[in-house]
Amino acid sequence: MANTERTFIAIKPNGIQQGLVWDIIKRVEQKGFRLMGVKFLRASEEHLKQHYVDLKDRPFFPGLVKYMNSGPVVAMEHHSWQ
């Protein structure tokens, strides 16, 4: 049985604003990843703070959370088999 690797990929607000969602999905799949789930959402500030908790002490953390909260994101789970 092959090993399965799960990967989280997020298309950030600017990628959505620029209309790049399908292009990004196609590129990821061309690299051998299989799309298993996709969700279009607007993450709460609290959710983003938890997601990026490992960066909380970095000087750019507040700006990152603000940017990611500025619009919707597309969250995806991809699998690859090795």
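The model shown is predicted, which means the values in this text are computed figures rather than measured ones.

Peer 1: Explanation requested: the overall build of the protein chain in the structure shown.
Peer 2: Helices and strands together make up the secondary structure of the protein chain, namely four helices and three strands. What you see in the protein chain, going N to C, is helices and strands ordered as β-α-α-β-α-α-β. Dimensions along the principal axes, computed over C-alpha positions, put the protein chain at roughly 40 × 30 × 20 Å. Counting across all 82 residues of the protein chain, residues that qualify as buried make up 28%. At a minimum sequence separation of 6, the contacts of the protein chain that also span at least 24 residues come to 83%. Summed over its atoms, the accessible surface of the protein chain is roughly 6,100 Å², and 53% of this surface lies on carbon and sulfur atoms. On the protein chain, the mean spot of the 12 positive side-chain charges and the mean spot of the 8 negative ones are 4 Å from each other.

Peer 1: What's the story with the pattern of salt bridges in this structure? I'm lost.
Peer 2: Side chains carrying opposite charge are able to pair once their charged atoms draw close together. Per the stated rule, a full pass over the model turns up three salt bridges. With its nearest N and O atoms 4.0 Å apart, the salt bridge here joins Lys26 to Asp23. Of this pair, Lys26 and Asp23 both sit in helix α2 (residues 21–30), separated by three residues, roughly a single helical turn. A relative accessible area of 48% means that Lys26 is categorised as partly exposed.

Peer 1: What is the right way to read the side chain of His78 from this model?
Peer 2: Within the secondary structure layout, His78 lies in strand β3 (residues 73–81). Taking relative accessible area as the criterion, His78 reaches 0% and is therefore assigned buried. Once you skip the residues sitting within four places of it in the chain, His78 turns out to touch Glu5, Arg6, Thr7, Ile9, Val28, Glu29, Phe33, Arg34, Leu35 and Met36.

Peer 1: Help me understand helix α4 (residues 61–68) in this model?
Peer 2: The periodicity of an α-helix, 3.6 residues per turn, causes residues three or four positions apart to be oriented the same way. The set of residues buried in α4 consists of Phe61, Leu64, Val65 and Met68. Seen end-on, α4 carries its buried residues on one side only, within an arc spanning 95°. In this structure, α4 carries Pro62 and Lys66 as exposed residues pointing more than 90 degrees from its buried face.

Peer 1: Help me understand the environment of Val21, please; the structure alone is not making it clear to me.
Peer 2: Note that Val21 resides in helix α2. Overall, the relative accessible area of 17% leaves Val21 in the buried class. Not counting chain neighbours up to four residues away, the residues in contact with Val21 comprise Ile11, Gly15, Ile16 and Val74.

Each value, and the rule that gives it
Residues numbered from 1 in each chain as written. Predicted model: local features only at pLDDT ≥ 70, side-chain atom pairs only at ≥ 80, totals over all residues. Heavy atoms only, no water. Helix = DSSP H or I, 4+ residues; strand = E, 2+ residues; numbered from the N terminus. Buried < 20%, exposed > 50% of the residue type's maximum accessible area, 1.4 Å probe, protein only. Contact = heavy atoms within 4.5 Å. Areas by Shrake-Rupley, 256 points an atom, 1.4 Å probe, with all protein chains shown as cover. Lys, Arg positive; Asp, Glu negative; His and termini not counted. Charge placed at Lys NZ, Arg CZ, Asp CG, Glu CD. Salt bridge = Lys/Arg side-chain N within 4 Å of Asp/Glu carboxyl O. Arc of directions from axis to C-beta.

By themselves, these observations are geometric and do not establish any function.
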